[in-house]
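Below are the chains, spelled out letter by letter.
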Amino acid sequence: MQLASLAQLERSHRRHDEVIHELVEASRRLAAGRPEPDDHRILTDAIGFFERAVTRHFRDEEGSVFPRLSTRRPDLAAELAQLSAEHPAQVSLQASVAAAVRALEAGGGRPGDGKTLLEAASRLADAHRAHVAREDAIFAAANASLTAEDDQEIVAEMEMRRNRDRGGGGGGG
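Residues numbered from 1 in each chain as written. Predicted model: local features only at pLDDT ≥ 70, side-chain atom pairs only at ≥ 80, totals over all residues. Heavy atoms only, no water.

Student: Outline the pattern of salt bridges, listing residues and values.
Tutor: Scanning the model with the defined rule gives 18 salt bridges in all. Measuring nitrogen to oxygen at the nearest pair gives 2.8 Å for the salt bridge that ties Arg134 to Glu79. With Arg134 in helix α4 (residues 111-145) and Glu79 in helix α3 (residues 77-107), this residue pair connects regions lying 55 residues apart in the sequence. Taking relative accessible area as the criterion, Arg134 reaches 25% and is therefore assigned partly exposed. (Salt bridge = Lys/Arg side-chain N within 4 Å of Asp/Glu carboxyl O. Helix = DSSP H or I, 4+ residues; strand = E, 2+ residues; numbered from the N terminus. Buried < 20%, exposed > 50% of the residue type's maximum accessible area, 1.4 Å probe, protein only.)

Set out below in structure tokens:
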């Protein structure tokens, strides 16, 4: 049986996969000078997703899952620390995509802007794929290592983060 907390994080990974795929495809069209009507919305939605959901996802991993898993599986502690250390680089790559989108929108379609966006989106996609593949493998180990009590606590912490992000209070921190 899969733990609810890990299932939620895996769903987030799959949604992140979809958003990045759409981002790269829209970036390819823009770089080629063949934008489609929904491309602006795709770019805007991707940036919003990165700022909202991905940031919260990283907090869920670093604040709830990784510490418990490091305690239950000390053999994974170094890998978990490395994954946590990659999160700021992911955020930086996401910021590069956002900056490229802003430049594209402000530039009125300068030829190099689409290429810059595609390069930023491609770097993010490559880093994301490698990172998430390792996390997915870790989550498979975590599923067998975390307890039902761990899972309940993690789910409660994740929900508290979501309530706080929606302005619903949810406690300190």
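Next, the rest of the story.
Student: Which residues make up helix α5 (residues 148-165), and what values do they have?
Tutor: The terminal C-alpha atoms of α5 lie 26 Å apart, and with 18 residues this matches the ideal 26 Å at 1.5 Å per residue to within 8%. If you check which residues of α5 are buried, you get Asp150, Asp151, Ile154, Met158, Arg161 and Arg162. Taken around the axis of α5, the buried residues stretch over an arc of 105 degrees, which confines them to a single face. Away from its buried face by more than 90 degrees, α5 exposes Ala148, Glu149 and Gln152. For α5, the elements touching its buried residues are α1 (4-31) and α2 (39-72). (Expected span 1.5 Å × (residues − 1). Arc of directions from axis to C-beta. Contact = heavy atoms within 4.5 Å.)

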